[in-house]
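Observations on the three-dimensional arrangement
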Amino acid sequence: ILQAHYRSTLDFSNEALQGAEKGLKRIMQAYKDLCAMCGVTRQEKPYGEDTVEVAPETCCADSEEIKGIFNGVYEALCDDLNTPVAVAHIFDAVRIINSAKAGAKLTGNDLQALLRLFDDIVFGVLGLRDESAAESGKGRDVVAGLMEMVLEDRAKAKAAKDWAASDAIRDHLKALGITVKDTKD
């Protein structure tokens, strides 16, 4: 959705979705690599939490290229929320991070500026999240635990011959797209 201006037609096709997914994975991998280079843990924060000034004049980078990216993202978002241009600048930051990973030198200030770009703009303003991290970790464990609890409650209701409660749980799960099939066991 961020690859098209909000007032333009959106190409919502399978190919466009796959391209967006690939781009998101590139951005999230760059963030993981950036955190590793900075020696910090991943810290996707909601917007407004520990946010400092995000205006271009507050950019702490030593590199003119990184200052240009910071300025470009800011200008694009101030220009009628032009997210396609902002995302293009973010991919420029991804390219710089990948170059640094391959051996190019970045100063500590450059790394801090890139971290701010991700924390404040990518995660905060644009609201992007690393869904694969949530699915592979705690989020999946929580869902699995909740499902186990619901199915146990349904089994208890059936054992107590409380057919109304058992059917209500099954119907509620069905409304959520989860099919529960009763067997003889």
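Let me sum up the structure you'll find in this document. (Residues numbered from 1 in each chain as written. Predicted model: local features only at pLDDT ≥ 70, side-chain atom pairs only at ≥ 80, totals over all residues. Heavy atoms only, no water.)

Some details on the side chain of Asp-110
Here Asp-110 shows up in helix α4 (residues 108-125). Nearest to the buried, unbridged Asp-110 among oppositely charged side chains is Lys-67, at 7.7 Å. Of the polar contacts made by the side chain of Asp-110, one reaches the backbone nitrogen of Asp-62; its length is 2.7 Å. If we skip the residues at most four places from it in the chain, Asp-110 touches Ala-61, Asp-62, Ser-63 and Ile-66. (Helix = DSSP H or I, 4+ residues; strand = E, 2+ residues; numbered from the N terminus. Buried < 20%, exposed > 50% of the residue type's maximum accessible area, 1.4 Å probe, protein only. Lys, Arg positive; Asp, Glu negative; His and termini not counted. Salt bridge = Lys/Arg side-chain N within 4 Å of Asp/Glu carboxyl O. Polar contact = N/O pair within 3.5 Å; in protein donor to acceptor, adjacent residues only side chain to side chain. Contact = heavy atoms within 4.5 Å.)

Describing a nonpolar patch on the surface
Nonpolar side chains collect at one region of the surface, where Leu-10, Phe-12 and Leu-17 lie side by side and expose about 310 Å² of accessible area between them. Secondary-structure assignment places Leu-17 in helix α1 (residues 14-38). (Patch = residues over 30% accessible without salt bridge, like charges linked within 9 Å, V, L, I, M, F, W, Y side chains within 5 Å. Areas by Shrake-Rupley, 256 points an atom, 1.4 Å probe, with all protein chains shown as cover.)

Describing the packing of α1 against α4
Between α1 and α4, whose axes approach to 10 Å, the crossing angle comes to 140°. As judged from the angle between their axes, α1 and α4 are oblique. Where α1 crosses over α4, the handedness of that crossing is left-handed. Together, Ile-27, Met-28, Ala-30, Tyr-31, Leu-34, Cys-35, Met-37 and Cys-38 of α1 and Leu-111, Leu-114, Leu-115, Phe-118, Asp-119, Val-122 and Phe-123 of α4 make up the contact between the two elements. (Axes fitted to C-alpha atoms, helices over the stretch in contact; angles between N-to-C directions. Parallel < 35°, antiparallel > 145°, perpendicular 65-115°, else oblique. Left-handed = near helix turned anticlockwise from the far one by under 90°.)

Focus: the packing of helix α2 (residues 64-78) against α4
Here α2 crosses α4 at 20°, and the two axes come no closer than 10 Å. In this view, α2 runs roughly parallel relative to α4, as classed from their interaxial angle. In the packing of α2 onto α4, the handedness of the crossing is left-handed. Along the contact surface, α2 presents Ile-66, Ile-69, Phe-70, Val-73 and Leu-77, while α4 presents Asp-110, Ala-113, Leu-114, Arg-116, Leu-117, Ile-121 and Val-125.

A word on α1
Its 25 residues place the ends of α1 36 Å apart at the C-alpha level, agreeing with the 36 Å of an ideal helix rising 1.5 Å per residue. Contacts from the buried residues of α1 go to α3 (83-101) and α4. Of the residues flanking the end of α1, it is Gly-39, one or two places downstream, whose phi is positive at about 75°. (Expected span 1.5 Å × (residues − 1).)

Looking at the nonpolar core
Ile-27, Val-73 and Phe-118 are the most contacted members of the largest nonpolar core, which totals 33 residues. At the level of secondary structure, the elements contributing two or more residues to this core comprise α1, α2, α3 and α4. Top contributing element to this core by residue count: α4, with 9 residues. Excluding its chain neighbours within four sequence positions, the residues that come into contact with Val-73 are Ala-86, His-89, Ile-90, Leu-117 and Ile-121. (Core = buried A, V, L, I, M, F, W, Y, C linked by side-chain atoms within 4.5 Å.)

Remarks on α2
Along its 15 residues, α2 runs 21 Å from first to last C-alpha, staying within 8% of the 21 Å computed at 1.5 Å per residue. Among the residues making up α2, those that are buried are Ile-66, Ile-69, Phe-70, Gly-72, Val-73, Ala-76 and Leu-77. Take α2 and look down its axis: the buried residues cluster within an arc of 160°, on one side only. When the buried face of α2 is taken as reference, the exposed residues oriented beyond 90 degrees from it are Glu-64 and Cys-78. In this structure Ser-63 caps α2, since a side-chain oxygen of it lies 3.1 Å from the backbone nitrogen of Glu-65. Immediately beyond the C-terminal end of α2, within one or two residues, lies Asp-80, with a positive phi of roughly 60°. (Arc of directions from axis to C-beta.)

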